[in-house]
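Spelled out from the first residue to the last, the chains are:
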Amino acid sequence: FAHRDCSVKSLCIEEINTLHIWYNVSVFTQDNDVAMTKLRAFLAVLGGALVHVTIGTFYTFGNMTSYLTSYIRQRSSPPDLTYHVAVWVMSVQTLSMTFTLIPTGFLSRRIGTRWTALLGSVVMSAGVALTFFTVRHSFYAVLGTYGVMFGLGMGLMYVPPLACAMKWLPERKGLASGLVLVGYGGGAFVFNPIITAYLNPANLSPDVPGTTDPASRYYNDKNILDKVPGSFLLLSGIYIAIQLIGALMITDPPPEDETEEQTPFVSTTNEDPDVTDRQVQSEPVSGEDDISRSLTPRQMVRTGQFYMLCTMFLLNGLVVVVHSSLWKAFGQTKIRDDHFLALVGSFASVMNAVGRPFWGGLADRYSFRVAMMILCLFLAIFTMTLGTVPDERDAGTGSKVMFFIWLCVLFGTFSGNFSLLPMATAKAFGPDYVSINYGIIFTIKGFAFLVGGVITTTLMDRVGWLGMLGIATGATTICGVLAFFYKENPSSAKIV
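About the cut-offs
Residues numbered from 1 in each chain as written. Predicted model: local features only at pLDDT ≥ 70, side-chain atom pairs only at ≥ 80, totals over all residues. Heavy atoms only, no water. Helix = DSSP H or I, 4+ residues; strand = E, 2+ residues; numbered from the N terminus. Expected span 1.5 Å × (residues − 1). Buried < 20%, exposed > 50% of the residue type's maximum accessible area, 1.4 Å probe, protein only. Contact = heavy atoms within 4.5 Å. Core = buried A, V, L, I, M, F, W, Y, C linked by side-chain atoms within 4.5 Å. Phe/Tyr/Trp six-rings, centres within 6.5 Å; stacked < 30°, edge-to-face > 60°. Lys NZ or Arg CZ within 6 Å of the ring centre and 35° of its normal.

> Describe helix 6 (residues 139–168), listing the residues and the values that go with them.
For an α-helix, 3.6 residues make a turn, and residues three or four places apart therefore share a direction. Compared with the 44 Å implied by 1.5 Å per residue over 30 residues, the 43 Å span of helix 6 between its first and last C-alpha is a close match. With 23 of its 30 residues buried, helix 6 lies for the most part within the structure.

> Could you give me a rundown of helix 13 (residues 368–386), with the residues and numbers involved?
The end-to-end C-alpha separation of helix 13 is 27 Å, in line with the 27 Å expected for 19 residues at 1.5 Å each. Inspection of helix 13 places Phe368, Ala371, Met372, Leu375, Cys376, Leu379, Ala380, Phe382, Thr383 and Leu386 among the buried residues, and these make up the whole buried set. Against the buried residues of helix 13 lie helix 11 (304–332), helix 12 (338–365), helix 15 (397–414), helix 16 (417–429) and helix 17 (434–485).

> I'd like a rundown of the nonpolar core, residues and numbers included.
Formed by 126 residues in total, the largest nonpolar core has its most connected members in Tyr146, Tyr158 and Phe403. Examining the composition of this core, we find that 17 residues originate from one element, helix 17, more than from any other. Excluding residues that lie within four positions of it along the chain, Phe403 makes contacts with Trp327, Phe330, Gly331, Ile335, Leu341, Val344, Leu386 and Val389.

> I'd like to hear about the packing of aromatic side chains, residue by residue, with values.
What the rule picks out here adds up to 22 aromatic pairs. Look at Phe99 and Phe447: their rings are 6.1 Å apart centre to centre, the planes differ by 80°, and that puts the pair in the edge-to-face class. Of this pair, Phe99 sits in helix 4 (residues 88–111) while Phe447 sits in helix 17, and the two are 348 residues apart along the sequence. Ring geometry for Phe191 against Tyr239: centres 5.0 Å apart, planes inclined by 75°, an arrangement best described as edge-to-face. With Phe191 in helix 7 (residues 173–199) and Tyr239 in helix 8 (residues 222–249), this pair connects stretches of sequence that are 48 residues apart. The buried category is assigned to Tyr239, whose relative accessible area is 0%. One aromatic cluster in this structure is built from Phe58, Tyr59, Phe411, Phe414 and Phe449. Over the ring of Phe132 we find Arg136, and its NZ or CZ is 4.3 Å from the ring centre. The lysine or arginine in question, Arg369, covers the ring of Phe484, its NZ or CZ lying 5.0 Å from the ring centre.

> Break down the side chain of Ser349 for me, citing the residues and quoting the values.
In this structure, Ser349 sits in helix 12. The buried category is assigned to Ser349, whose relative accessible area is 1%. In this view, Ser349 contacts Gly185, Gly186, Ala188 and Phe189; residues no more than four positions away in its chain are not counted.

> Quick rundown of unusual backbone geometry? Include the residues and the values.
In this structure, Pro78 follows Ser77 across a cis peptide bond, with omega equal to 0°. With respect to the helices and strands, the residue Pro78 is situated in the loop between helix 2 (61–75) and helix 3 (83–86). Unusually for a residue other than glycine, Asn203 sits at a positive phi of about 55°. Within the secondary structure, Asn203 is located in the loop between helix 7 and strand 1 (208–209). Residue Asn203 is classed as partly exposed on the basis of its relative accessible area, which comes to 26%.

So this is what it looks like as structure tokens:
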């Protein structure tokens, strides 16, 4: 019996040791899984930001337009091209981008975020490279490569990395979109100095006055104009290298990571129960039938929130058109220092980048409604007073300081639209179709740039710079009023 008791005790000890080993292995495996999840989430966000750096070169057009427009006037056609007509490059880019967003949502669900981003990289970079040839032909050919192809590539790359990041950070959608869009806002910071240093290293000022607007100036220097076509080959090579690295870092979360049981990349506590994603996914929508909280695109377009978000995007989109495409043309009427203007554009793009997570975080802390009203207030004040920047010949350094501050505030403020609206879309209509739903809402940006192109082309010569700034101020003021009446509670998204 004693021998039997010893055998039993020995067997129990072995079983306990085995269980202990299995427990340690299980804990180690779980820790590794959590670490890998965080690493993949970090790489996905970083990769999305890198891809968006190249998309953000969209904002370099405000700097590039002085060289591109001058080249076309001197060596291509039409010879009477003006800055406010060249704005159509940005308008065509945006239109092409927005019309690509909806099919991109379906494409990314089918082939994944990485391959969609890689496809967009090829299309966009090829369009920039082909502009080496089209800029020698005509402005209208440039619209095809630097306009349509560039915009199609942007559309393929814009939303999928953004939606992927928000899936990795489900409790911090505003922060997730802001982190990725830091790259979008920072693209001009990286490339504006490259463009100016390559094309105008001697810091020459434009010296040819325009015929319809004598305050506008154009370049006639041979050294600058000779480099314009080659600059597009240089840029396309840098773009495709960054895009490939970024796209290869992006991975979609596995299906189990998209459920409420997943371990989020950023842990949260004390979350407001009125705006948590768990409630967003579980609360039914009041309507003829109770449906899942994640609305399909067809259900989304039958809600009042959809039309309010679209209208707000349209109004503030007009402000973005004026500032992003004409800031340098306006600055050249006050300041005659091309390197300083490029520096201003670079720091403004930094504010464009910083502003996105700032406004997203502000909305996370308070609400989309509060953040949008504050944004519109700042945008209206600084747009309205931008026209008071004095001429450098009268105010000296004071003119440069004021223009620098005003442009940085404006870019840092209007950038918030692009982190607030994805967040509002996800909260109002749910996470399952956010890529497609936001793609539909984002198409309004294309219409905003279309309307902005028409307004600048037809009204600029009549109302001048102050008139254009007045129109932009009125648009963002109306947007702020709409934000005041916007009902943000998820349960208010009723299908009609």
